[in-house]
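Each chain, letter by letter, is given below.
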Amino acid sequence: MDTTQRNHQNLAFVGDDGRSTASTVEISTNSPALRDNSDDQEAAKVPEERATWGKGVEFLMSCIAMSVGLGNVWRFPFTALDNGGGAFLIPYLIVLFLIGKPIYYLEMVIGQFSSRGSVKVFDLCPAMKGVGIGQVISISMVTTYYVAIMGITLRYLYESFRSPLPWSECRPEWESFCVASSLGNTSQSLASPMDMDSLPQRQPVASAELYFLKEVLHEKPNIEEGIGLPNWELVIGLFIAWSCVFFIIRRGVKSSGKASYFLALFPYVIMGVLLVRAVTLPGSIDGIYYFIKPQWGKILDPKVWYAAVTQCFYSLSVCFGNIIMYSSFNKFGHNVHRDAAIVTGLDTMTSLLAGFTIFGILGHLAHEIGTDDIGSVVKGGAGLAFISYPDAIAKFKNLPQIFSVLFFLMLFVLGIGSNIAMTSCSVTAIRDRFPNFGQWQCSLLIAVVSFFIGLMYITPGGQYMLTLVDFFGASMIALVLGIAELYTIGWIYGTDRLCKDIEFMLGRKVGLYWRLCWSIITPLIMTVILIYFYATYQPLTYNNIVYPNWSYSIGWLITAFGILQLPIWMIVAIVRDPGQTLGAKIRGAFTPKKNWGPSDPLLREQYHKEIENELTPKRGQGIWAAIKQNIFG
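Since this is a predicted model, take the numbers as computed values, not measurements.

**Concerning the overall build of the chain**
For step 1, the next point in the chain: Assigned secondary structure in the chain consists of 23 helices and four strands.
For step 2, the next point in the chain: With 633 residues in all, the chain has 59% of them scored as buried.
For step 3, the next point in the chain: Residue pairs at least 24 apart in sequence account for 84% of intrachain contacts in the chain once pairs closer than 6 positions are excluded.
For step 4, the next point in the chain: As displayed, the chain has an accessible area near 25,500 Å², and 63% of this comes from carbon and sulfur atoms.

**Notes on the environment of Lys 395**
For step 1, the next point in the chain: The residue Lys 395 is located in the loop between helix 14 (384-393) and helix 15 (400-433) in this model.
For step 2, the next point in the chain: In sequence terms Lys 395 and Ser 181 are 214 residues apart; their C-alpha atoms lie 6.6 Å from each other.

**Quick look at empty space enclosed by the protein**
For step 1, the next point in the chain: Applying the stated rule across the entire model yields five cavities of 30 Å³ or more.
For step 2, the next point in the chain: Here the largest cavity is characterised by a volume of approximately 120 Å³.
For step 3, the next point in the chain: Residue lining of the largest cavity: Leu 274, Thr 357, Ile 358, Ile 361, Leu 362, Tyr 389, Ala 392, Ile 393, Phe 403 and Phe 407, and that is the complete set.
For step 4, the next point in the chain: Where the lining of the largest cavity is concerned, the elements lending two or more residues are helix 13 (336-369), helix 14 and helix 15.
For step 5, the next point in the chain: When the residues that make up the lining of the largest cavity are grouped by side-chain class, the tally is nine nonpolar, one polar and no charged.

**Here's the deal with the state of the cysteines**
For step 1, the next point in the chain: This structure, assessed with the given rule, holds one disulfide.
For step 2, the next point in the chain: The residue that forms a disulfide with Cys 170 is Cys 178, at a sulfur-sulfur distance of 2.0 Å. An S-S torsion of about -85° defines the bridge between Cys 170 and Cys 178 as left-handed.

**Considering helix 19 (residues 549-563)**
Residues spaced three or four apart along an α-helix face the same direction, because each turn holds 3.6 residues.
For step 1, the next point in the chain: Along its 15 residues, helix 19 runs 21 Å from first to last C-alpha, staying within 8% of the 21 Å computed at 1.5 Å per residue.
For step 2, the next point in the chain: Taken together, the buried positions of helix 19 are occupied by Ser 551, Tyr 552, Gly 555, Ile 558, Thr 559 and Gly 562. Relative to the axis of helix 19, the buried residues are bounded by an arc of 120° and lie together on one face. Opposite the packed face of helix 19, turned more than 90 degrees from it, sit the exposed residues Asn 549 and Leu 557.
For step 3, the next point in the chain: Its buried side turned inward, helix 19 meets helix 6 (129-159), helix 17 (462-506), strand 4 (545-546) and helix 20 (565-576).

**Focus: the side chain of Asp 339**
For step 1, the next point in the chain: Tracing the chain through its elements places Asp 339 in helix 13.
For step 2, the next point in the chain: Polar side-chain contacts of Asp 339 include one of 3.2 Å to the side chain of Arg 338.
For step 3, the next point in the chain: Aside from chain neighbours lying at most four places away, what touches Asp 339 is Phe 59, Leu 60, Met 108 and His 334.

**Here we look at the side chain of Ser 255**
For step 1, the next point in the chain: The residue Ser 255 is located in helix 9 (residues 253-279) in this model.
For step 2, the next point in the chain: Judged by its relative accessible area of 12%, Ser 255 falls in the buried class.
For step 3, the next point in the chain: A polar side-chain atom of Ser 255 sits 2.6 Å from the main-chain carbonyl oxygen of Ile 248.

**Describing the packing of helix 15 against helix 16 (residues 439-454)**
For step 1, the next point in the chain: Where helix 15 contacts helix 16, the two axes come as close as 10 Å, and the packing angle between them is 125°. The pairing of helix 15 with helix 16 is recorded here as oblique in orientation. When you trace helix 15 past helix 16, the crossing you get is right-handed. Across from Thr 423, Ser 426, Val 427, Ile 430 and Arg 431 in helix 15, the residues of helix 16 making contact are Gln 439, Cys 442, Ser 443 and Ile 446.
For step 2, the next point in the chain: Residues belonging to the contact of helix 15 with helix 16 are distributed by class as follows: four nonpolar, four polar and one charged.

**Some thoughts on helix 3 (residues 56-67)**
For step 1, the next point in the chain: Over its twelve residues, helix 3 extends 17 Å from the first C-alpha to the last, a length consistent with the 16 Å expected when each residue adds 1.5 Å.
For step 2, the next point in the chain: Counting buried positions along helix 3 yields ten of twelve residues, so the element is predominantly enclosed.
For step 3, the next point in the chain: For helix 3, the complete set of buried residues consists of Glu 58, Phe 59, Leu 60, Met 61, Ser 62, Cys 63, Ile 64, Ala 65, Met 66 and Ser 67.

**Some words on the confidence of the model for the chain**
For step 1, the next point in the chain: Predicted confidence across the chain gives a mean pLDDT of 84, with 86% of residues reaching 70 or more.
For step 2, the next point in the chain: Here residues 1-48 is a poorly scored stretch, pLDDT under 50, and it has 116 contacts once near neighbours within four places are set aside; other chains count.
For step 3, the next point in the chain: Taken together, the stretch residues 187-201 has pLDDT below 50 and engages in 25 contacts with residues farther than four places along the chain or on a different chain.

**Quick look at the UniProt feature "binding site: Na(+)" (unreviewed entry) in the chain**
For step 1, the next point in the chain: Within this numbering scheme, the UniProt entry marks Val 68, Asn 72, Ser 315, Leu 414 and Ser 418 as carrying the feature "binding site: Na(+)" (unreviewed entry). Spatially, the listed residues are clustered: although they cover 351 residues, their C-alpha atoms lie within 12.1 Å of one another.
For step 2, the next point in the chain: Along the chain, the position of Val 68 falls in the loop between helix 3 and helix 4 (70-82).
For step 3, the next point in the chain: For Val 68, a relative accessible area of 5% corresponds to the buried category.
For step 4, the next point in the chain: When neighbours within four sequence positions are excluded, Val 68 is seen to be in contact with Tyr 268, Asp 347, Thr 350, Leu 414 and Ser 418.

**Considerations on the pattern of salt bridges**
For step 1, the next point in the chain: Scanning the entire structure with this criterion turns up 13 salt bridges.
For step 2, the next point in the chain: One salt bridge in this structure joins Asp 123 and Lys 593, with 3.4 Å as the shortest N-O distance. Residue Asp 123 is found in the loop between helix 5 (89-114) and helix 6, and its partner Lys 593 is found in the loop between helix 21 (582-589) and helix 22 (601-612); the two are separated by 470 residues along the sequence. The pair formed by Asp 123 and Lys 593 is uniform in burial state, with each residue classed as buried.
For step 3, the next point in the chain: Lys 609 is paired through a salt bridge with Glu 605; the nearest N and O atoms lie 3.6 Å apart. Placement of both Lys 609 and Glu 605 in helix 22 is noted, with a separation of four residues, approximately one turn of the helix.
For step 4, the next point in the chain: A relative accessible area of 57% places Lys 609 in the exposed class.
For step 5, the next point in the chain: Glu 605 gets classed as partly exposed once you look at its relative accessible area, which sits at 43%.
For step 6, the next point in the chain: Linked through salt bridges whose partners overlap, the residues forming this network are Arg 116, Lys 120, Asp 123 and Lys 593.

**Some remarks on the packing of aromatic side chains**
For step 1, the next point in the chain: Per the counting criterion, the structure on display carries 47 aromatic pairs.
For step 2, the next point in the chain: Ring geometry for Tyr 105 against Trp 518: centres 5.7 Å apart, planes inclined by 35°, an arrangement best described as tilted. Of this pair, Tyr 105 sits in helix 5 while Trp 518 sits in helix 18 (residues 512-535), and the two are 413 residues apart along the sequence.
For step 3, the next point in the chain: Of the residues examined, Tyr 105 reaches a relative accessible area of 2% and is grouped as buried.
For step 4, the next point in the chain: Taking the relative accessible area as the measure of exposure, Trp 518 reaches 4% and is therefore buried.
For step 5, the next point in the chain: An aromatic cluster of at least three residues, connected via ring pairs, comprises Tyr 156, Trp 167, Tyr 211, Phe 212, Phe 386, Tyr 389, Phe 407 and Phe 408.
For step 6, the next point in the chain: Over the aromatic face of Phe 434 sits the side chain of Arg 433, whose NZ or CZ is 4.9 Å from the ring centroid.

**Let's talk about the environment of Pro 102**
For step 1, the next point in the chain: Within the fold, Pro 102 resides in helix 5.
For step 2, the next point in the chain: As a C-alpha pair, Pro 102 and Cys 517 span 415 residues in sequence and 6.5 Å in three-dimensional space.
For step 3, the next point in the chain: Sequence-distant contacts of Pro 102, that is, excluding residues within four places in its chain, are made with Leu 96, Phe 97, Tyr 513, Trp 514, Cys 517, Trp 518 and Thr 522.

Conventions we followed
Residues numbered from 1 in each chain as written. Predicted model: local features only at pLDDT ≥ 70, side-chain atom pairs only at ≥ 80, totals over all residues. Heavy atoms only, no water. Helix = DSSP H or I, 4+ residues; strand = E, 2+ residues; numbered from the N terminus. Buried < 20%, exposed > 50% of the residue type's maximum accessible area, 1.4 Å probe, protein only. Contact = heavy atoms within 4.5 Å. Areas by Shrake-Rupley, 256 points an atom, 1.4 Å probe, with all protein chains shown as cover. 1 Å grid on protein atoms, 1.4 Å probe; cavity = no way out; pocket = protein on both sides within 12 Å on 5 of 7 lines; lining within 4 Å. Points joined across faces, edges and corners; volume = space filled by probe spheres on them. Nonpolar A, V, L, I, M, F, W, Y, C, P; charged D, E, K, R; others polar. Disulfide = S-S within 2.5 Å. Expected span 1.5 Å × (residues − 1). Arc of directions from axis to C-beta. Polar contact = N/O pair within 3.5 Å; in protein donor to acceptor, adjacent residues only side chain to side chain. Axes fitted to C-alpha atoms, helices over the stretch in contact; angles between N-to-C directions. Parallel < 35°, antiparallel > 145°, perpendicular 65-115°, else oblique. Left-handed = near helix turned anticlockwise from the far one by under 90°. pLDDT = per-residue confidence, 0-100. UniProt positions renumbered as here; feature names shortened; annotations may be inferred. Salt bridge = Lys/Arg side-chain N within 4 Å of Asp/Glu carboxyl O. Phe/Tyr/Trp six-rings, centres within 6.5 Å; stacked < 30°, edge-to-face > 60°. Lys NZ or Arg CZ within 6 Å of the ring centre and 35° of its normal.

Right, here's the structure in full:
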């Protein structure tokens, strides 16, 4: 800390063209550094000393465990395959460079600089507090179904110790329309188990698919008459998964930091074992080549670029509040620039590693079956992890149980690592607002409430609800609020001020690449993606089955509940501001609170002294001069 303070003795901000456009709103004589209101007094009720990571590497490991998750293993390989194979990697890497990496670094910076969670961090612009609240609502909904998936994973992990694997053979009641997954190519079935009764001649379905739908989920053909009651076996799995989450986060970063080493590194051990085994199988090289072979005709397809953005956005977990929350527990001078580069690069490397592993195995299966069409060996889709992979594993002639145990154990650890961050985000948001609420009590409350909500996803109609909540509660809310977050930090708070904050905190100048991304490129691309999203919107379906009207109503209510936090809290902030006129209240609501800045009182006092000279925009030079300064400094 002493070294950091020595770096700040000279006024590093003076002379960078002299001034800052810290806000697009003109600053009145009541400067942000001097402004006070009831919210500031409320914000001051924070614990005297915020917990920090035991070691800086624990933060890095936790970010790896959070960002490297299920999306890398089961979503990325088939997203790439469906969108041009090797050609998909080009737009994906460009998107990573222009969206993923800039947002990741941005969220790390503001969390560490302010030592505030994903809601309190909007003390930088109280009117936009609804962005943080909406993101917590969104991530809380994701948490409920994410752990439900972990419960199903535990069921498969338990069954993986049986010989033969229970999904590898047909049950007596399935004999007339089932083909054992342990035999032949079972991916050519054109029928869904839900359609069996309506077919004049039943077409065969893989036993792995029937096992998942009829034995694990007991899935219903539709949810017109409700979603049914939970499967007790999955309830046990759900309970164990939530128990793991609770015990890891019960002491905050003190306990989750220690667990991060295992959660981040162990999946790579398993993935390495699976990869080595995969590339030594006959035909595996053909599968890997099939995965990376470019289909250049798709590179200009907007759908491919949209898929790249969504894959990058959700794989890295940006704009959900998790990264801000984790970085808020860092020591003030921690090198987040390095960590952001490591995590974003490693996330992409993991996706490629998973692709090589999966398609190496598929290439071997195609070799065994005697087909050159590797894409037909396994179907993609939502049930990929519980249908396609078990179906592929069942075809291994020697000890398929080993591969099954390793695969589902890897999935469980990856899922728990990601869910630790999601749940901790909700806990931190609550404890930032109610600091007297104990860590373990808050963690237990969220775990219990989420457990009961999660029962909905392990019913016969659970996958319908999961798809519904994922679309309306995660995708739609996160995209809108993510864009609002980018414009808030880039233009209301100001890219130029953000860069000066980084210089104060890390003692390093911010390059033009970051300035252009934060102010123009990243928010612009995200806005285009949002427009494309709504322009191509089609009513949600599950396995080509249309939802009943009441479910669409629930979905849009969920979306509205998340997004409406933005205008609601904007109005609240304006009403609460102590300004004497409406204009003064609006300006006050869009300027940082008095106590915004480093949590350390001495550092914050020094920061306010140094930034005070930068808060007054250029006068008499027009809006274009202010815009230019905000972008270029």
